[in-house]
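Below, each chain spelled out in residue letters.
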There are 2 protein chains.
Amino acid sequence: MSTSPLLAELIEALRCLPGVGAKSAQRMAFHVLERDRAGARRLAERLAAAVERIGNCRRCRGFSETEICTFCASAARDRGLLCVVESPVDQTAVEQATGYRGLYFVLLGRLSPLDGLGPKELGIDLLTERLAEGEVRELIVATNPTVEGEATAHLLSQLARDAGVRATRLAHGVPLGGELEFIDRGTLAHAFGTRQTLL
Amino acid sequence: MSTSPLLAELIEALRCLPGVGAKSAQRMAFHVLERDRAGARRLAERLAAAVERIGNCRRCRGFSETEICTFCASAARDRGLLCVVESPVDQTAVEQATGYRGLYFVLLGRLSPLDGLGPKELGIDLLTERLAEGEVRELIVATNPTVEGEATAHLLSQLARDAGVRATRLAHGVPLGGELEFIDRGTLAHAFGTRQTLL
Ligand SMILES: [Zn+2]
Ligand SMILES: [Zn+2]
């Protein structure tokens, strides 16, 4: 027996959030109803506004509230550098972790024929046009080191070569603070094979 | 630099949820925007509806969408049993874990003079009236075993005594599956002192 159908529906709806199971959804629902209704109201409004008004930039496909996003519109970013990422969350990771001051291109996926994701879905036409404009001098390939990400990286490097643009990619290796015994074999083998000269 | 002020506001608003820090709020925001906008829209609607329409039952103070909640209105519950809990989440815990078929009374807090929570705030007037109706034959005190919960339990047992109603409380002791060496001393001492006859 439940006190309220609306409460049960709220608990169910909270599970759309990643990492939120039945137990924590219940805890969240009770918490906001008992102690933070103002916060819940604000969250409802912002969720609705975000879903309604955040679309994708026409130039880079990243999240944007406007036709052209703040990155693409900025005069302060180096337009000669273009970092290609799979998703907006990767874009934010690069932006927050590095001092990168160039522009981005967001694929919104990676090559995955089984999921119906080919060059068309990844906006490769748009990227090809962009490289043809001649402004980009370095294409930084920042796809994820998965099988599909590697296939995507391969496609991107071909694209850059065809456009006469230099392509680079993020270095692979042992993560800082990582201990060798816990690194997966593939990474360790790669790091060993691409070892750097110290002296 | 951020792609969208609305996105930053959404991430901030998600932190009203318990256990959600900056990192997971960001992950949640990107997840719903990239992969589950329908789910996010539904969550926004249900949050707004719950905050708007879930109030407290006039009879038991538990969550309810109607003046009288489904528990209090049910003909199937034993009206002679009244379980007093501190909060709606405790009510749900009892309801989900036990086969209890009586009614509830929700204090919406516990005695805490420093926080301005006295008998008035806990609806003790309403509870006193309820006991005076003569229908309740057992008051089950299910406050939490904290200092404030114990003080509240003491108040409740006085109330029951004054009304000539039997008061009971949840048994304390070693949790099922708990190992003695990890039980806190107070609980262990209590469990030892109230040991039960086996044969
Ligand atoms: Zn853009
Ligand atoms: Zn009620």
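None of the values given here were measured: they were computed from a predicted structure.

**Thoughts on the UniProt feature "domain: Toprim" (unreviewed entry) in chain A**
This chain's UniProt record puts "domain: Toprim" (unreviewed entry) on residues 80–175 of chain A. Counting secondary structure, residues 80–175 of chain A comes out at 38% helix and 20% strand; the distance between its end C-alpha atoms is 28 Å.

**Considerations on the domain arrangement of chain A**
For chain A, the assigned domains are domain 1 (5–53) and domain 2 (76–169). Each of domain 1 of chain A and domain 2 of chain A has a C-alpha centre, and these two points are 35 Å apart.

**Some thoughts on the sheet that holds strand S3 (residues 78–85) of chain B**
Residues and elements named next belong to chain B. Pairing is parallel across the open sheet formed by four strands, whose spatial order is S4-S3-S5-S6. Two strands bound the open sheet, and with one partner strand each, they are strand S4 (102–106) and strand S6 (166–169). Each strand of the sheet is rotated relative to its neighbour by a mean of 25°, with strand direction disregarded. Summarising the sheet, S3 and S4 pair through five bridges and their orientation is parallel. Bridge pairing links Cys83 to Tyr104 in S4. The strands touched by helix H5 (residues 88–97) within the sheet are S3 and S4, with S4 carrying the most contacts at an inclination of about 160°.

**Re the interface of chain B and chain A**
With 54 residues of chain B at the contact, the number on the chain A side is 54 residues. Our count for the contact surface shared by chain B and chain A stands at two salt bridges. Taking the shortest distance from any N to any O, the salt bridge between Glu12 of chain B and Arg46 of chain A comes out at 2.7 Å. Taken together, the links from chain B to chain A amount to 15 residue pairs in polar contact (both at pLDDT 80 or more). By residue number, the principal contributor to the side of chain B that touches chain A is helix H3 (residues 37–53) of chain B, which donates 14 residues. Classifying every residue of the side of chain B that touches chain A by side-chain character gives 28 nonpolar, 13 polar and 13 charged.

**Topic: the packing of helix H5 (residues 88–97) of chain A against helix H2 (residues 22–35) of chain B**
Taken N-terminus to C-terminus, the directions of H5 of chain A and H2 of chain B make an angle of 145°; their axes are 9 Å apart at the nearest point. Counted together, Pro88, Val89, Thr92 and Gln96 of chain A of H5 of chain A and Gln26, Phe30 and Glu34 of chain B of H2 of chain B form the full contact between these two elements. Of the residues contributing to the contact of H5 of chain A with H2 of chain B, the split by class is three nonpolar, three polar and one charged.

**Thoughts on the coordination of the zinc ion (ligand 1)**
Residues and elements named next belong to chain A. For the zinc ion (ligand 1), every protein donor is listed as Cys57 (SG), Cys60 (SG), Cys69 (SG) and Cys72 (SG), and the spread of their distances is 2.3 Å. Here the zinc ion (ligand 1) binds four donor atoms, and the angle range of 106 to 115° at the metal identifies the geometry as tetrahedral. Here the donor residues for the zinc ion (ligand 1) map to a single chain with the spacing C-x2-C-x8-C-x2-C. Of this pair, Cys57 sits in the loop between strand S1 (55–56) and strand S2 (63–64) while Cys72 sits in helix H4 (residues 70–73); the two residues are 15 residues apart in sequence, bridging distant segments of the chain. Accessibility expressed as a relative area gives 4% for Cys72, which makes it buried.

**Here we look at the relation of the copies chain B and chain A**
Rotating chain B by 180° and moving it 0.1 Å along the rotation axis overlays it on chain A with an RMSD of 0.1 Å. The transformation just described matches what one would write down for a two-fold rotation axis. Ranked by how close their C-alpha atoms come to the rotation axis, the residues of chain B are headed by Ala44 of chain B, at 2.1 Å. By residue overlap, the copies meet face to face through one surface: 100% of the interface positions of chain B are interface positions in chain A.

So, how was this worked out
Residues numbered from 1 in each chain as written. Chains lettered and ligands numbered in written order. Predicted model: local features only at pLDDT ≥ 70, side-chain atom pairs only at ≥ 80, totals over all residues. Heavy atoms only, no water. UniProt positions renumbered as here; feature names shortened; annotations may be inferred. Helix = DSSP H or I, 4+ residues; strand = E, 2+ residues; numbered from the N terminus. Domains from an automatic or database assignment. Pairing = 2+ DSSP bridges. Axes fitted to C-alpha atoms, helices over the stretch in contact; angles between N-to-C directions. Contact = heavy atoms within 4.5 Å. Salt bridge = Lys/Arg side-chain N within 4 Å of Asp/Glu carboxyl O. Polar contact = N/O pair within 3.5 Å; in protein donor to acceptor, adjacent residues only side chain to side chain. Nonpolar A, V, L, I, M, F, W, Y, C, P; charged D, E, K, R; others polar. Donors = N, O, S within 2.8 Å, 3.2 Å for Na, K, Ca; no water. Tetrahedral: all angles 85-135°; square planar, octahedral: opposite > 155°, others 65-115°. Buried < 20%, exposed > 50% of the residue type's maximum accessible area, 1.4 Å probe, protein only. Least-squares fit on C-alpha atoms with pLDDT ≥ 70 in both.

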